[in-house]
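Given next are the chains, with one letter for each unit.
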Amino acid sequence: QVQLVESGGGLVQPGGSLRLSCAASGSIFSINVMCWYRQAPGKDREFVAHITRAGDVNYGDSVKGRFTISIDNPKNTMYLQMNSLQPEDTAVYYCNVPLLSATYWGKGTLVTVSS
């Protein structure tokens, strides 16, 4: 089992920045990839980014060039640095770990971009 806890969400003005964190615990030895997803009100959950233990990354088209994913392996924590935030980035951001046996999700952290 893997437990995921997100933090760092909040209210930010357009053009601002936020840094999200996702702390993993439990069977962390089995984790090779960690992901961020988001879900805006009334919309489907959307892929944001993923990172492997080795540091390979991939981003969704809507966040490329503005968001940066990183991982601190000793701390088992993943981060998402979000810059140039826009109102359309408003969503609940979820941490995700896909394993062969199961997929784990955190409870999410709300990011609101508004003036």
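Here is what the cut-offs are and how they apply
Along each chain, numbering runs from 1 in the same order as the chain's sequence is written. The model is predicted, so local features are restricted to residues of pLDDT at least 70 and side-chain atom pairs to those at 80 or more, both for listing and for counting; the totals for chains, interfaces and linings are taken over all residues. With hydrogens and water stripped out, all remaining heavy atoms of the structure feed into the side-chain values. Note on conventions: DSSP H or I runs of at least 4 residues are helices, E runs of at least 2 residues are strands, and numbering of each starts at the N terminus. Three exposure classes are used, based on accessible area relative to the maximum for each residue type with a 1.4 Å probe and protein chains only: buried under 20%, partly exposed in between, and exposed over 50%. For this analysis, a polar contact is any N or O atom pair within 3.5 Å, provided that within protein one partner can donate a hydrogen and the other can accept it, and provided that sequence-adjacent residues contribute only side-chain to side-chain pairs. We call two residues contacting when some pair of their heavy atoms lies within 4.5 Å. Buried residues of nine kinds, namely Ala, Val, Leu, Ile, Met, Phe, Trp, Tyr and Cys, make up a nonpolar core once their side-chain atoms join them within 4.5 Å. Criterion used throughout: strands pair if DSSP finds at least two bridges between them. Salt bridge, as applied in this entry: a Lys or Arg side-chain nitrogen positioned within 4 Å of an Asp or Glu carboxyl oxygen. Aromatic rings from Phe, Tyr and Trp, with only the six-membered ring used for Trp, were paired whenever their centres fell within 6.5 Å, and each pair was classed as stacked if the ring planes differed by under 30 degrees, edge-to-face if by over 60, and tilted otherwise. Definition used: whenever NZ (Lys) or CZ (Arg) falls within 6 Å of the ring centre and also within 35 degrees of the ring normal, the charge is taken to sit over that ring.

For the rest of this paragraph, the subject is the side chain of T90. For T90, the position within the fold is in the loop between β8 (77-82) and β9 (91-98). Here T90 falls in the buried class, since its relative accessible area comes to 18%. At a separation of 2.9 Å, a polar atom in the side chain of T90 contacts the main-chain carbonyl oxygen of P87. A distance of 2.9 Å separates the side chain of T90 from the backbone nitrogen of V113, its partner in a polar contact. Setting aside residues up to four positions removed in sequence, T90 forms contacts with A40, P41, V111, T112 and V113.

With that out of the way, let us pick up unusual backbone geometry. Positive phi, normally seen in glycine, also occurs at N76, with a value near 50 degrees. Counting through the fold element by element, N76 comes out in the loop between β7 (67-72) and β8. Positive phi is not limited to glycine here, since S84 has a value of about 50 degrees.

On to the nonpolar core, then. Ranked by size, the top nonpolar core spans 30 residues in total, and within it L4, M34, W36, L80, M82 and Y93 carry the most contacts. Elements with a contribution of two residues or more to this core: β1 (2-7), β3 (18-26), β4 (33-39), β5 (46-52), β7, β8, β9 and β11 (109-113). Excluding residues within four positions of it along the chain, Y93 makes contact with E6, L20, W36, Y37, R38, V48, F67, L80, M82, G108, T109 and V111.

As for its placement among the helices and strands, N96 is situated in strand β9. Assessed through its relative accessible area of 3%, N96 is described here as buried. For N96 and M34, which are 62 residues apart along the polypeptide, the C-alpha to C-alpha distance reads 5.9 Å. For N96, the contacting residues outside a window of four places in its chain are L4, V33, M34, C35, Y37, T103, Y104 and W105.

With that out of the way, let us pick up the pairing of β7. With six bridges joining them, β7 and β8 adopt antiparallel strand pairing. When the bridges of β8 are listed, T68 appears paired with Q81. Counted along the chain from β7 to the antiparallel partner β8, the turn is four residues long, and its residue N76 has a positive phi close to 50 degrees.

Another aspect to go through is the pattern of salt bridges. Inspection of the entire model under this criterion finds four salt bridges. R38 is paired through a salt bridge with E46; the nearest N and O atoms lie 2.8 Å apart. A single network of salt bridges, built from pairs that share partners, joins R38, E46, R66 and D89.

The way to describe two aromatic rings as a pair is by their centre distance and the angle between their planes. This structure, assessed with the given rule, holds three aromatic pairs. Ring centres 5.6 Å apart and planes at 75 degrees place the aromatic pair Y37 and F47 in the edge-to-face group. Here F47 lies in strand β5 and Y37 lies in strand β4, a separation of 10 residues in the sequence. The exposure class assigned to Y37 is partly exposed, which follows from its relative accessible area of 23%. Each residue in the set Y37, F47, Y94 and W105 is aromatic and connected to the rest through ring pairs, giving one cluster. The ring centre of Y94 lies 3.9 Å from the NZ or CZ of R45, which sits over that ring. Sitting over the ring of W105, R45 keeps its end group 4.5 Å from the ring centre.

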